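Spelled out, the chains give:
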Amino acid sequence: MWTKQSRGRMAQIAKKTKRYPSDLTDEEWEQFAPLMPKPGRGGRPREVESREVVNAVRYLVRSGCGWRMLPIHFGAWQTVYGWFRELARRFLFQTIHDVALMLDRERAGREASPTAGVIDSQSVKAPQAETRGYDAGKKIVGRKRHIAVDTDGRLLMVNLTTADISDSAGAQAILDGIRKRWPWVKHLFADGAYDRLKLMDKATYLDFVVEIIRRSDDQKGFQVLPRRWVVERTFGWMTRWRRLVRDYEQRIDVSQAMILVAMGGNLIRRNAHP
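Since the structure is predicted, the reported quantities are computational estimates derived from the model, not experimental observations.

Asks: Can you walk me through the overall build of the chain in this structure?
Replies: Helix and strand counts for the chain stand at nine helices and six strands. Within the chain, buried positions represent 49% of all 274 residues. Put simply, of all contacts in the chain between residues at least 6 apart along the chain, 63% involve residues at least 24 apart. Accessible area for the chain stands at about 14,700 Å²; split by element, carbon and sulfur atoms hold 52% of it.

What follows is the structure, given as structure tokens:
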């Protein structure tokens, strides 16, 4: 629920954007600009500004429109899409997200690198995906987002698979990724779906402690469980960016880049406008 104070803060930020709420403010662009690729010394000059490319991608992810429906003042959609694929290939959205995450943790009085996290998954429909699977539990044909977040809900890792892959199988790739990118993480919280022998053996091998938070058998109806509610809030943050309500991307790497654009955008806005 939005408070009067939070609504006022969002209104102040909206006044700083150029046209749309998704546009970068000057303070946000200052965080982006140093990481953007510099123009080459030779060849044709760029047709669009780097800031406008980022604004266009954020508009698309936030509004949920298609590439061909981008407003024309962003430039030709083919040009924007080409730059998006190039920036994703360079892992720029991943880099910007991870830098913003560490800055946000420091701003909150925490160490830059987390030591604990929460893992969970979400199945979403993926009508355009190259390969899809059927999640019998959720009755969804599409992809599954396996994620790990820190104890405040910031996204640490995402692994996309077909929806028929089990939670524990998808989490094994999450463990590999966390160990390489966030080496200080030692403790992970999860629900009962992750209490599987192969996953626990791998966690032990990689020096993780996986703590299973179980729901009480005699509890009826909705129950807020310690730690586990944090990752559900992260899924809620994702789906406020309408392109992520479903997985509209054909390629998994493009879908992952869309998630990083959204979650990195949340962090950058918090850092630029505390």
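Asks: Which parts of the structure should I look at to understand helix α8 (residues 228–239)?
Replies: Helical geometry note: an α-helix holds 3.6 residues per turn, so side chains three or four residues apart project in the same direction. What α8 keeps buried is the set V230, V231, T234, F235 and M238. For α8, the angular spread of buried residues about the axis comes to 145°, placing them on one side. The inward-facing, buried residues of α8 abut β1 (116–125), β3 (140–150), β4 (155–162) and α9 (252–272).

Asks: Quick question: what am I supposed to make of α9 here?
Replies: Compared with the 30 Å implied by 1.5 Å per residue over 21 residues, the 30 Å span of α9 between its first and last C-alpha is a close match. Among the 21 residues of α9, 16 are classified as buried, and the element is accordingly described as predominantly covered.

About the cut-offs
Residues numbered from 1 in each chain as written. Predicted model: local features only at pLDDT ≥ 70, side-chain atom pairs only at ≥ 80, totals over all residues. Heavy atoms only, no water. Helix = DSSP H or I, 4+ residues; strand = E, 2+ residues; numbered from the N terminus. Buried < 20%, exposed > 50% of the residue type's maximum accessible area, 1.4 Å probe, protein only. Contact = heavy atoms within 4.5 Å. Areas by Shrake-Rupley, 256 points an atom, 1.4 Å probe, with all protein chains shown as cover. Arc of directions from axis to C-beta. Expected span 1.5 Å × (residues − 1).

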